[in-house]
Amino acid sequence: MTESTSYQPKQVYELEGMLVAPRLGATSTFEAYVAARATFIEINDDARWNPWVHEDRASEERSATAVLEQWRRAEPAFRQMTDQEVKEMLDESGRRSDAEFAADIARQKRDRERYDPEREQARLSLLEQESILSRQREEMVELGAGRYPAMSDERRTAKIAEIEHAINDRETQIATLAAIVADREDVVDEYGCLPKDRRKAGLLHYQLNRERKVRELRARIPKLKTGATESKDRTERSKLRSELQTAEASLETLLAVPPLSEDDMCSECARPASHHGWISPPYDGPCPAWPGWAERLRQAREILFATAELTKPKKEPDSQKPQPIAVLPSGLPIAEVIATLSELQNEHPDAIVKRGRANKWEIWPADA
Ligand SMILES: [Zn+2]
């Protein structure tokens, strides 16, 4: 903090390279100004990804604004932009984004000409194979570090050798695919869109969806809380308590997602790329666009429909009737169960799994 003697107001303070001074009649201290400014910036930064922060911290934001309004910039040459200048700046940035948009459309139109379905498929396979490879490498590390302690040494050694072999095969396959794909960011789809174009759309979709879900949950949780304590019916209370737990867990998961950029997104679906993986949790599941996984999903769907235990076709996602989305028959192979659940998760990300009457989920290791 330095005081200037060359400028009119008695107190001029320096903060992060700018000079500020209290306006006439200001009652707040410089320390209060610094704190208010920090709060204001923090709320607005946070609100870009979590817009409900404006509501949660409304009174803090109001107090901070009231303090900020008592202060002004104190550089002798400083002047606020006029309304006209602000308008010109916004017009200019609008013109720039219109031009960028037009350039993107022109590029995509041009790029449709060079669409190569084989290369597109190779790219998707490559992404899938790389993801499987990284899972297999993790598995090697886990086995080497003594995971599954009940496993005999003999079995462990054999398993490690098996995975090592699979890794070698996969690396060869990846090299072949990589040669077909070349620059993977340059592979266009049938509409001429590049992966980066789809990531951009995916991020917007994901962001809006996350905001919508968070707002819904924030509105629902207090109602569930009230019902869970005040309902006269014990069964109803217990049902609401369980719904409340699920809603709170979903909200926590959504809030924990840090601000994402376009580069963080999967190019094929509206999910962060880091959410794709083969073990759930922590991953949501593989990408439904990966060819091998897409085929397994297709088969799982067939099995699911064939068992005729599907109680409700996937229509009317907003129906609030207490009907399960799907009932999984018992006795399905684990791969099908995972595939089916993963597919249902993609279609109904908020769905919960409940134990059916007199039915248990029991998952056993393959060699038990
Ligand atoms: Zn994806």
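Everything quoted here is computed from the prediction, not taken from an experiment. (Residues numbered from 1 in each chain as written. Predicted model: local features only at pLDDT ≥ 70, side-chain atom pairs only at ≥ 80, totals over all residues.)

(A) Layout of the overall build of the protein chain. Scanning the protein chain for helices and strands turns up ten helices and three strands. Starting at the N terminus and walking to the C terminus, you meet the elements of the protein chain as β-β-α-α-α-β-α-α-α-α-α-α-α. Taking all 368 residues of the protein chain together, the buried fraction comes to 15%. (Helix = DSSP H or I, 4+ residues; strand = E, 2+ residues; numbered from the N terminus. Buried ≥ 20, exposed ≤ 12 C-beta atoms within 10 Å, placed from the backbone.)

(B) Quick look at the nonpolar core. Ranked by internal contacts, the top residues of the largest apolar core, which has 16 residues, are L126, V181, C287 and W290. Where this core is concerned, the elements lending two or more residues are α5 (117–144) and α6 (153–181). In terms of residues, this core owes the most to one element, α5, which gives four residues. Leaving out residues up to four positions away in the same chain, C287 has contacts with C266, E268, C269, H276 and W293. (Core = buried A, V, L, I, M, F, W, Y, C linked by C-beta atoms within 7 Å. Contact = placed C-beta atoms within 7 Å.)

(C) View of the sheet that holds strand β2 (residues 18–22). Spatially, β1-β2-β3 is the arrangement adopted by the three strands of the open sheet, whose pairing is antiparallel. The sheet terminates laterally at β1 (13–15) and β3 (71–73), the two strands that pair on one side only. Strand-to-strand twist of the sheet, defined as the mean angle between neighbouring strand axes without regard to direction, takes the value 40°. Pairing between β1 and β2: three bridges, direction antiparallel. Paired with E14 across the two strands is L19, which belongs to β2. (Pairing = 2+ DSSP bridges. Axes fitted to C-alpha atoms, helices over the stretch in contact; angles between N-to-C directions.)

(D) Just the packing of α5 against helix α9 (residues 291–306), in detail. At a minimum axis distance of 7 Å, the contact between α5 and α9 shows a crossing angle of 85°. By the criterion of interaxial angle, the relationship of α5 to α9 is roughly perpendicular. Each of Q121, L124, S125 and E128 in α5 lies in contact with α9, whose residues at this interface are P291, G292 and W293. Counted by class, the contact of α5 with α9 contains three nonpolar, three polar and one charged residues. (Parallel < 35°, antiparallel > 145°, perpendicular 65-115°, else oblique. Nonpolar A, V, L, I, M, F, W, Y, C, P; charged D, E, K, R; others polar.)

In short, shape yes, function no, at least from these values alone.
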